[in-house]
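Structural overview
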Amino acid sequence: MNAIPPPLGIVCELTHRCPLQCPYCSNPLELARAGAELGTDAWLRVLDEAAALGVLHVHFSGGEPTARKDLPDLVRRASANGLYTNLITAGVLLDAAAIDRLKAAGIDHIQLSFQDVIAESADRIAGLAGAHERKLAVAKAIRQAGLPLTLNFVVHRHNAERVPEMLALAESLGAARTEIAHVQYYGWGLVNRAALLPSRAQLEFTLQVVQEARARLAEKMVIDYVVPDYYAQRPKACMGGWGRREMVITPTGKAMPCHAADSLLGFEFPSVTDTPLADIWSNAPAFRRFRGTDWMPEPCRSCDRREIDWGGCRCQAFAMTGDAARTDPACALSPDHALMLAVAEGRPEAAPAFVYRRIGHAPASVSAEPVPAEATV
Amino acid sequence: MNKAVSETVVPTFPPGVKFRFDSVRNAWVLLAPERLFMPDEQAVEILKLVDGVRKISEIIDILAARFADTPRDVIATDVSAMLHELAAKGALRL
Ligand code: SF4
Ligand code: SF4
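Here is what the cut-offs are and how they apply
- Residues numbered from 1 in each chain as written.
- Chains lettered and ligands numbered in written order.
- Predicted model: local features only at pLDDT ≥ 70, side-chain atom pairs only at ≥ 80, totals over all residues.
- Heavy atoms only, no water.
- Contact = heavy atoms within 4.5 Å.
- Buried area = accessible area lost by both parts, 1.4 Å probe.
- Salt bridge = Lys/Arg side-chain N within 4 Å of Asp/Glu carboxyl O.
- Polar contact = N/O pair within 3.5 Å; in protein donor to acceptor, adjacent residues only side chain to side chain.
- Helix = DSSP H or I, 4+ residues; strand = E, 2+ residues; numbered from the N terminus.
- Nonpolar A, V, L, I, M, F, W, Y, C, P; charged D, E, K, R; others polar.
- Near = heavy atom within 4 Å.
- Buried < 20%, exposed > 50% of the residue type's maximum accessible area, 1.4 Å probe, protein only.
- Arc of directions from axis to C-beta.
- Pairing = 2+ DSSP bridges.
- Axes fitted to C-alpha atoms, helices over the stretch in contact; angles between N-to-C directions.
- pLDDT = per-residue confidence, 0-100.
- Core = buried A, V, L, I, M, F, W, Y, C linked by side-chain atoms within 4.5 Å.
- Expected span 1.5 Å × (residues − 1).

1. Focus on the interface of chain A and chain B
Listed per partner, the contact involves 27 residues of chain A and 21 residues of chain B. Here chain A packs against chain B, burying approximately 1800 Å² in sum over the two surfaces, 58% of which is carbon and sulfur. When residues of chain A are sorted by the area they lose upon contact with chain B, Leu 56, Tyr 84 and Glu 219 of chain A head the list and together hold 36% of the total. Remark: the boundary between chain A and chain B carries two salt bridges. The salt bridge partner of Arg 35 of chain B is Asp 224 of chain A, with a shortest N-O separation of 2.6 Å. Here chain A is connected to chain B by nine residue pairs in polar contact (both at pLDDT 80 or more). Going through the elements one at a time, helix 1 (40-53), strand 2 (57-61), strand 3 (84-89), strand 4 (109-114), strand 6 (177-182) and strand 7 (222-226) of chain A are the ones with two or more residues in the side of chain A that touches chain B. When grouped by side-chain class, the residues that make up the side of chain A that touches chain B number 13 nonpolar, nine polar and five charged.

Okay, structure coming up:
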């Protein structure tokens, strides 16, 4: 059997704790409690194993990764191992001193999330009063420390009109990179889909604004744009293909091919506490299950895009059809594409209230889905 | 894009961009936020000369001396195209 190329990146979800409660959080509905989190030594070992395996980028994420007191120690080890260290944070727990500690530890880049450009709206989405003001101060402190900054804006029906102001804010704060990312509808985003899904007109507006800004800001700011699948003709190559480029480690040490894979009922994900990372990557059934193209059904199997989008998102196929091994319904060639269209067409005129992301707040109707027979490994 | 940037510019790796050798893949890699570049052999030779001090013209001169049977013009065009391409992707500053 051929050796499998090593992963390029690893996402370390250090904790599910977070002072914010964004209704589109990509964390699973069953959030891990603090007592169940991996300890410092376990994470240090993961970082050593990742570097030896050939990982190049490490993303410290969560939840809110700065809620972990040992974050600078983890950054220091990753950096000493030659890994590119990226912090993905909501920022509200940071101050200038904490940023200096991270810088001294060797952090390479910080990605700071914003909910909107208007404080009142931003704080309502985050479910935390004063969050926006703090983030502005933190963005300035990051730049003052001389660290490269990405601003991340998650876009949906409540803020899509303000993408021009989002880009202007990023520019004024000196961000070298900006993400304009539509909500991805799994995890809490799926629970809140009716409250968040933009209209087609909103989507087209955001795309146009991004294209104009890219032309205007070439060589000055990199702008990444992520679409929602609901108006798409072709799916995204989720994580660059299952088990192909990335690995996600949850706060309790479960290793998964993507953030949302926890939602795939009937899957067993190995733990970094008892299995070496290299062994997981090469041999774990959950990583091999959808790797490459052998698992594919038609129409993917004979499609010339099969090594471009890898059949799309397994979690989306599962969420919409109950079978993770079907073509992503986001694809217009999928026999299930009508399910996707029906959601877009059935988008409510008035947005329902948010279900905020909180430990123990998952709606029972979502967390108690039946186990489909075909989703087993 | 802005092909007119003069050869007196000093190219640098901006903060957040790292050019290093990866011993697992036995290859040079250029790492940037959410980006990974695997430069080809020719690009590696150019990027190894980016030190935050040398001007583009000096990089071209070194390569022209090393590859004596290639006209300087040709090297200059290649170097400039490669540097601009990376600058447009945020991986280099000109
Ligand atoms: S049929 Fe499959 S491989 Fe082809 S575009 Fe659709 S999802 Fe991609
Ligand atoms: S394809 Fe599925 S498994 Fe992959 S990231 Fe998307 S949601 Fe996750």
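2. Details of the site of ligand 1
Near ligand 1 you find Arg 234, Pro 235, Pro 299, Cys 300, Cys 303, Arg 305, Arg 306, Asp 309, Gly 311, Thr 327, Cys 331 and Leu 333 of chain A, and these make up its full shell. Taken together, the residues of the shell around ligand 1 break down into six nonpolar, two polar and four charged.

3. Quick notes on helix 13 (residues 337-345) of chain A
All names here are of chain A. Burial in helix 13 covers these residues: His 337, Met 340, Val 343 and Ala 344. Projected onto a plane normal to the axis of helix 13, the buried residues spread over an arc of 120 degrees and lie on a single side. Residues of helix 13 that are exposed and point over 90 degrees away from its buried face: Ala 338 and Glu 345. For helix 13, the secondary structure elements touched by its buried residues are helix 8 (193-196) and helix 12 (314-321).

4. Focus: the sheet that holds strand 2 (residues 27-32) of chain B
Residues and elements named next belong to chain B. Here three strands make up an open sheet; going across it, the order is 1-2-3 and the pairing antiparallel. Two strands lie at the open edges of the sheet, namely strand 1 (18-22) and strand 3 (35-37), each paired on one side alone. Pairs of neighbouring strands in the sheet enclose a mean axial angle of 30 degrees, with direction left out of account. Where strand 2 lies against strand 3, three bridges are found, and the strand directions are antiparallel. Paired with Leu 30 across the strands is Phe 37, a residue of strand 3.

5. Topic: the confidence of the model for chain B
Confidence in the prediction of chain B, expressed as mean pLDDT, is 91, and 95% of residues score 70 or more. Both confidence scores are given for the complex: pTM 0.92, ipTM 0.86.

6. Topic: the nonpolar core
Ranked by size, the top nonpolar core spans 91 residues in total, and within it Ile 10, Phe 60, Phe 114, Leu 151, Ile 180, Met 247 and Leu 277 of chain A carry the most contacts. Among residues more than four places away in sequence, those in contact with Met 247 of chain A are Gly 9, Ile 10, Val 11, Ala 255, Met 256, Leu 277, Ile 280, Trp 281 and Phe 287 of chain A. Among the nonpolar cores identified, the runner-up in size contains 25 residues, and Val 9, Leu 49, Val 79 and Leu 83 of chain B belong to it.

7. Notes on helix 1 of chain A
All names here are of chain A. The end-to-end C-alpha separation of helix 1 is 20 Å, in line with the 20 Å expected for 14 residues at 1.5 Å each. Here helix 1 has its buried residues at Ala 42, Trp 43, Leu 44, Val 46, Leu 47, Ala 50, Ala 51 and Leu 53. The elements touched by buried residues of helix 1 are strand 1 (9-13), strand 2, helix 2 (71-80), strand 8 (246-249) and helix 10 (277-283). Just downstream of helix 1, Gly 54 is the residue with a positive phi angle, here 115 degrees.

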